[in-house]
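Close look at the chain arrangement
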Amino acid sequence: MSLTMSLDDNESEFDGPSRSQLRRDAMAIFKLAEALARLSDAQLTRIPLDETLIAEIRRTRNIHQPIARKRQTQYLAKQLRGLDDGQIEAVRLVLDGDRQQFHREVAVLHQLESWRDRLIAEGDPALDEFLLQHPAADRQHLRALIRQAGVEASRQKPPRAARELFRLLRDMQAPTTD
């Protein structure tokens, strides 16, 4: 009598994804459900889902107790798992597009903040460089705001002129960011 065991070929073959892969997939859908629950109504209108799922997303969003919200999000994820891969990919593409648009807008705002700080710190040389890029800008108004912002900063007053300068820079930039 031999103590060694032999495995059948059928037992050693594996069909389908591993349990770990299934868990990762379920977690990805759960994170998608969480992301959908964070969207505003305006953002939800761009998501390619049917009205029952949109209503479920709104229901999830309206729950504020952590445990109940997690349970509702899990239910939403279960509903999302019923979609085919193409529909889920379409939702992810819309969310990624929104995220990229957000990052572009943030980058533009950082650039404007940098210009504002540079204009206040450097004065006329930075203003000349800015006017080369934006020839339609009002030099006198910008110069007055820059001077006033410098005075406010030196006197440790609220930065009213710096805020107004930022708004002016943002308004000048607005047509070119679209």
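This report concerns the structure included in the present document. All of these numbers come straight from a predicted model, not from anything done at the bench. Residue numbering note: each chain is counted from 1, following its sequence as written. Two thresholds apply to this predicted model, a pLDDT of at least 70 for residue-level local features and 80 or more for giving and counting side-chain atom pairs, whereas whole-chain, interface and lining totals are computed over all residues. With hydrogens and water set aside, each side-chain value is computed from the structure's full complement of heavy atoms.

This paragraph deals with the overall build of the protein. For the protein, the helix and strand inventory stands at nine helices and zero strands. Note on conventions: DSSP H or I runs of at least 4 residues are helices, E runs of at least 2 residues are strands, and numbering of each starts at the N terminus. In sequence order, the secondary structure elements of the protein are arranged as α-α-α-α-α-α-α-α-α. Burial classes follow relative accessibility: with a 1.4 Å probe on protein chains only, a residue under 20% of its type's maximum area counts as buried, one over 50% as exposed, and anything between as partly exposed. Within the protein, the fraction of its 178 residues that count as buried is 28%. Sequence-distant contacts, at least 24 apart, represent 50% of the contacts inside the protein between residues at least 6 apart. Residues are treated as being in contact if the distance between any of their heavy atoms lies within 4.5 Å.

Here the focus is helix H4 (residues 51–61). Think of an α-helix as turning once every 3.6 residues; residues three or four places apart then point the same way. Within H4, burial applies to Leu53, Ile54, Glu56, Ile57, Thr60 and Arg61. The buried side chains of H4 occupy one side of the element, clustering within an arc of 160° when seen end-on. Along H4, the residues that are exposed and aim more than 90 degrees away from the buried face are Glu51 and Thr52. For this quantity, the arc is that covered by the directions from the helix axis to the C-beta atoms.

This paragraph deals with the environment of Ala149. Here Ala149 is to be found in helix H8 (residues 139–154). Residue Ala149 is classed as buried on the basis of its relative accessible area of 4%. It is 5.1 Å that separates the C-alpha atoms of Ala149 and Ala162, two residues lying 13 residues apart in sequence. Not counting residues up to four positions away in its chain, the partners in contact with Ala149 are Ile120, Ala161 and Ala162.

All right, on to the pattern of salt bridges then. Within this document, salt bridges are pairs made up of a side-chain nitrogen of Lys or Arg and a carboxyl oxygen of Asp or Glu, the two lying within 4 Å of each other. In this structure the tally under the stated criterion is 12 salt bridges. Of the charged contacts, one joins Glu129 and Arg118 as a salt bridge, the two residues approaching to 2.5 Å between their closest N and O atoms. Residue Glu129 is found in helix H7 (residues 124–133), and its partner Arg118 is found in helix H6 (residues 85–122); the two are separated by 11 residues along the sequence. The salt bridge partner of Glu152 is Arg160, with a shortest N-O separation of 4.0 Å. On the accessibility criterion, Glu152 (5% relative accessible area) is buried. Here the salt bridges do not stand alone but share partners, grouping Asp41, Arg58 and Arg61 into one network.

Attention shifts here to the environment of Glu34. Locating Glu34 in the fold gives a position in helix H2 (residues 19–37). Residue Glu34 is classed as partly exposed on the basis of its relative accessible area, which comes to 29%. Through-space distance from the C-alpha of Glu34 to that of Lys70 is 8.8 Å; in sequence the pair is 36 residues apart.

Another aspect to go through is the packing of H7 against H8. When two helices pack together, their arrangement is given by the angle between the helix axes and the distance between those axes. Note on geometry: axes are C-alpha line fits, over the in-contact stretch for helices, and angles between N-to-C directions span 0 to 180 degrees. Running from N to C, H7 and H8 cross one another at 145°; their axes reach a closest spacing of 11 Å. Classified by chirality, the crossing of H8 by H7 is right-handed. Contacts between H7 and H8 involve Asp124, Leu127, Asp128, Phe130 and Leu131 on the former and, on the latter, Arg139, Leu142, Arg143 and Ile146. Should the near helix be turned anticlockwise from the far one by less than a right angle, the crossing is termed left-handed; should it be turned clockwise, right-handed.

What follows deals with the nonpolar core. We define the nonpolar core as a collection of buried residues of types Ala, Val, Leu, Ile, Met, Phe, Trp, Tyr and Cys that are connected through side-chain atoms lying within 4.5 Å of one another. Counting residues in each nonpolar core, the largest one holds 20 residues, and the members touching the most others are Leu32, Leu36, Ile47, Leu49, Leu80, Val91 and Leu95. No other element matches H2, which puts six residues into this core. Excluding its chain neighbours within four sequence positions, the residues that come into contact with Leu36 are Leu44, Ile47, Leu49, Ile57, Leu80, Val91 and Leu95. Formed by 17 residues, the second largest nonpolar core is a distinct cluster that contains Leu112, Ala162, Leu165 and Phe166.

Any pair of aromatic rings gets described here by the distance separating the centres and the angle formed by the planes. Classification of ring pairs rests on two measures: the distance between centres of Phe, Tyr or Trp rings, Trp counted by its six-membered ring, which must be within 6.5 Å, and the angle between planes, read as stacked under 30 degrees, edge-to-face over 60 and tilted in between. One pass over the full model with this rule turns up one aromatic pair. Consider the rings of Trp115 and Phe130, whose centres lie 5.1 Å apart with planes at 70°: the pair is edge-to-face. Remark: Phe130 occurs in helix H7 and Trp115 occurs in helix H6; sequence separation between them is 15 residues. According to the relative accessible area criterion, Phe130 is buried, its value standing at 2%.

Across its 38 residues, H6 extends 54 Å between first and last C-alpha, which sits within 8% of the 56 Å expected from 1.5 Å per residue. All of the buried residues along H6 are Ile88, Val91, Leu95, Asp98, Leu112, Trp115, Arg116 and Leu119. Within two residues after H6, Gly123 carries a phi angle of roughly 75°, on the positive side. The span one expects for a helix is its residue count, reduced by one, times 1.5 Å.

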